[in-house]
Amino acid sequence: MAGYKPAAIQTYPVLGEKITQDTLYWNNYKTPVQIKEFGAVSKVDFSPQPPYNYAVTASSRIHIYGRYSQEPIKTFSRFKDTAYCATFRQDGRLLVAGSEDGGVQLFDISGRAPLRQFEGHTKAVHTVDFTADKYHVVSGADDYTVKLWDIPNSKEILTFKEHSDYVRCGCASKLNPDLFVTGSYDHTVKMFDSRTNESVISVEHGQPVESVLLFPSGGLLVSAGGRYVKIWDMLKGGQLLVSLKNHHKTVTCLYLSSSGQRLLSGSLDRKVKVYSTTSYKVVHSFDYAASILSLALAHEDETIVVGMTNGILSVKHRKSEAKKDSLPRRRRPAYRTFIKGKNYMKQRDDILINRPSKKHLELYDRDLKNFRVSKALDRVLEPSCTIKTPEITVSIIKELNRRGVLANALAGRDEKEISRVLNFLIRNLSQPRFAPVLINAAEIIIDIYLPVIGQSPVVDKKFLLLQGLVEKEIDYQRELLETLGMMDMLFATMTRKESTSVLQHTSDGFLENKKMES
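None of these values were measured; they are calculated from a predicted model.

With that out of the way, let us pick up the overall build of the protein. Counting its secondary structure elements, the protein contains 10 helices and 30 strands. The C-alpha radius of gyration of the protein comes to 34 Å, more than 25% above the 24 Å expected for a compact globule of 518 residues. Taking the principal axes of the C-alpha coordinates as reference, the protein spans close to 100 × 95 × 65 Å. Taken over 518 residues, the protein has a buried fraction of 43%. The long-range fraction of contacts in the protein, counting pairs at least 24 apart against all pairs at least 6 apart in sequence, stands at 44%. Of the accessible surface of the protein, which amounts to about 30200 Å², a share of 52% is contributed by carbon and sulfur atoms.

In structure tokens:
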């Protein structure tokens, strides 16, 4: 057995995503911190001023968190019913909140009791915001109304009744204190001007509007509802610029990055999409464990906070730049020191003595060398191997199949051992680079263990799942082959040159047959 040849580990190309500047930028966050709230997190808002605390609205409480704290530093809970929204003022000193009983309350961050209470809505208030002058509050509610409040006098100034369904979102202009935008379940987005007592622009979104966002310049408006995110040009009277449909479920929230160059959208499909505001293409995507209701970014995008339907608050902090070591490192020998003499050419009178290098076999190669096929398969089914280097596991399965002992290696396994095999197959069977090898292994397992099915509920569930995956993958490959055949026929038809024969008279009076190619 001195001439044993180690098993060849085949390399499989991985179709990874293209690494761009956006990929590097948005992946530069630490592992998220999970905070459990009392209910679904309906709103998250960062203070515009240092230290950039953020308010989280969940159930009947509003928690104020420090940027790096996992426990709330302050709690506002004096609500008769569920609180739906809370927004900081531009100076970060005041907080306005809306609740299900129709109340709008104003809080001082340094206190706990509300400073002002605005009463006028008859149903739940879902959106509140401060105007640009800091002395007025805009609110929208399920009673179809939008109200403008005066903070010093605690009085209602204007009421707009142009919506015909729930008003669920809104925002105020950052430049003009008289302009603000609201979105409703009547599929419309309206821009109101407090000087005219009516809406000045109205656009049809086409779906119940869940979120609206006005660019800092006030020239562009973003609306989200259904699976669509739409961008409108307000300087052209609400002309639709682009309609984006990159989510699979309802888009619930929007946010703009600190630079204004990236737009973020969160959805019930558990994804956050990042768009470029110049090309409106998706440049990055985040995945989360539950449906997303709210999201917010801190100053300079240092922290991203996402609120989900299961009450989990996911907080990601940007990684700090690695500090350079101030101590001088000990100088090590240069690379040429280690390769010195490697390329020396043997002269005529020199005697060359080769020292054979000892090759160490991997553990699975040792088992294969000694015909311990089950043991070799067990070694490559360890989690450290199946997760980090699944191509090694697939290569060993392929080698066992080439030797004709794959069925022997898979047979005679207990519940724990067969579960590890099934888990690996279920996880990797749908990958195109592994499918040819793993489908064959899955069919062998089905043939061996089908007669004893029903003895273990855990194995039975995985076994049925594997059987369904194999059938689905085979059908999928059959469809691909049919499509490939149709494409080959189309290409052959396109490239075929038809030839036609034309009879012409020559100078001597005889007919000559000439071929014309088209």
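The next subject is helix H4 (residues 373-380). Along H4, the positions that sit buried rather than exposed are Val373, Ala376, Leu377, Asp378 and Val380. Along its buried surface, H4 packs onto helix H3 (363-369), helix H5 (383-388), helix H6 (390-403), helix H7 (406-410) and helix H8 (415-428).

Hydrogen bonds between backbone atoms are what pair the strands of a sheet, whose relative direction is either parallel or antiparallel. As summarised here, the arrangement of the four strands in space is S14-S15-S16-S17, forming an open sheet in which the pairing is antiparallel. Each having just a single partner strand, strand S14 (167-172) and strand S17 (198-204) make up the two edges of the open sheet. Between one strand axis and the next, the sheet turns through 20° on average, direction left out of account. Pairing geometry for strand S15 (residues 179-184) and strand S16 (residues 188-193), over five bridges, is antiparallel. What sits directly across from Gly183, in S16, is Val189.

This part takes up the nonpolar core. The biggest cluster of nonpolar side chains holds 41 residues, and the ones touching the most others in it are Leu377, Ile397, Leu400, Leu425, Leu438 and Ile445. Breaking this core down by element, the ones donating at least two residues are H3, H4, H6, H7, H8, helix H9 (435-449) and helix H10 (457-495). For this core, the leading source of residues is H9, giving 10 residues. Sequence-distant contacts of Leu438, defined by excluding residues within four places in its chain, comprise Val394, Ile397, Phe424, Leu425, Asn428 and Leu429. Grouped together as the second largest cluster of nonpolar side chains are 16 residues, Cys253, Val272, Met308 and Ile312 included.

A cluster of nonpolar side chains, Met487, Leu490, Phe491 and Met494, forms an exposed patch at the surface whose accessible area comes to about 460 Å². Its location among the elements puts Phe491 in helix H10.

Looking now at the pattern of salt bridges. Scanning the model with the defined rule gives 14 salt bridges in all. Salt bridges here are not isolated pairs; linked through shared partners, they connect Asp178, Asp193 and Arg195.

We now examine the sheet that holds strand S25 (residues 282-287). As summarised here, the arrangement of the four strands in space is S22-S23-S24-S25, forming an open sheet in which the pairing is antiparallel. Each edge of the open sheet is held by one strand with a lone partner, namely strand S22 (251-256) and S25. Neighbour to neighbour, the strand axes of the sheet diverge by 20° on average, direction disregarded.

Under the defined criterion, the tally for this structure stands at 12 aromatic pairs. Ring pairing ties together the aromatic residues Tyr25, Trp26 and Phe286, which thus form one cluster. A cation over an aromatic ring shows up here: Arg318 above the ring of Tyr25, its NZ or CZ 4.1 Å from the ring centre. The cationic tip of Arg318 hangs over the ring face of Tyr29; the distance from NZ or CZ to the ring centre is 4.4 Å.

This next bit is on the packing of H6 against H9. Look at H6 against H9: their axes get within 10 Å of each other, and the N-to-C directions meet at 60°. As summarised for this structure, H6 and H9 are arranged oblique, according to the angle between their axes. For the element pair H6 and H9, the recorded crossing hand is left-handed. Along the contact surface, H6 presents Val394, Ile397, Lys398 and Asn401, while H9 presents Val437, Leu438, Asn440, Ala441 and Ile444.

Our next topic: the UniProt feature "repeat: WD" (unreviewed entry) in the protein. Here, UniProt's "repeat: WD" (unreviewed entry) annotation points to residues 118-159 and 244-285. Annotated as 0% helix and 57% strand, the span residues 118-159 places its first and last C-alpha atoms 13 Å apart. Helix and strand shares over residues 244-285 are 0% and 55% respectively, and the end C-alpha atoms of the span are 15 Å apart.

What follows deals with a negative patch on the surface. A contiguous patch of negative charge, built from Asp81, Glu100, Asp101 and Glu119, is present on the exposed surface. Its relative accessible area of 64% is what places Glu119 among the exposed residues.

A word on H10. Its 39 residues give H10 an end-to-end C-alpha distance of 57 Å, which sits within 8% of 57 Å, the value for a rise of 1.5 Å per residue. Among the structural elements, H8 and H9 are those in contact with the buried residues of H10.

Along its sequence, the protein is carved into domain 1 (19-315) and domain 2 (362-470). Between domain 1 and domain 2, the C-alpha centre-to-centre distance is 50 Å.

Conventions and cut-offs
Residues numbered from 1 in each chain as written. Predicted model: local features only at pLDDT ≥ 70, side-chain atom pairs only at ≥ 80, totals over all residues. Heavy atoms only, no water. Helix = DSSP H or I, 4+ residues; strand = E, 2+ residues; numbered from the N terminus. Rg over C-alpha atoms; globule rule 2.2 N^0.38 Å. Buried < 20%, exposed > 50% of the residue type's maximum accessible area, 1.4 Å probe, protein only. Contact = heavy atoms within 4.5 Å. Areas by Shrake-Rupley, 256 points an atom, 1.4 Å probe, with all protein chains shown as cover. Pairing = 2+ DSSP bridges. Axes fitted to C-alpha atoms, helices over the stretch in contact; angles between N-to-C directions. Core = buried A, V, L, I, M, F, W, Y, C linked by side-chain atoms within 4.5 Å. Patch = residues over 30% accessible without salt bridge, like charges linked within 9 Å, V, L, I, M, F, W, Y side chains within 5 Å. Salt bridge = Lys/Arg side-chain N within 4 Å of Asp/Glu carboxyl O. Phe/Tyr/Trp six-rings, centres within 6.5 Å; stacked < 30°, edge-to-face > 60°. Lys NZ or Arg CZ within 6 Å of the ring centre and 35° of its normal. Parallel < 35°, antiparallel > 145°, perpendicular 65-115°, else oblique. Left-handed = near helix turned anticlockwise from the far one by under 90°. UniProt positions renumbered as here; feature names shortened; annotations may be inferred. Lys, Arg positive; Asp, Glu negative; His and termini not counted. Charge placed at Lys NZ, Arg CZ, Asp CG, Glu CD. Expected span 1.5 Å × (residues − 1). Domains from an automatic or database assignment.

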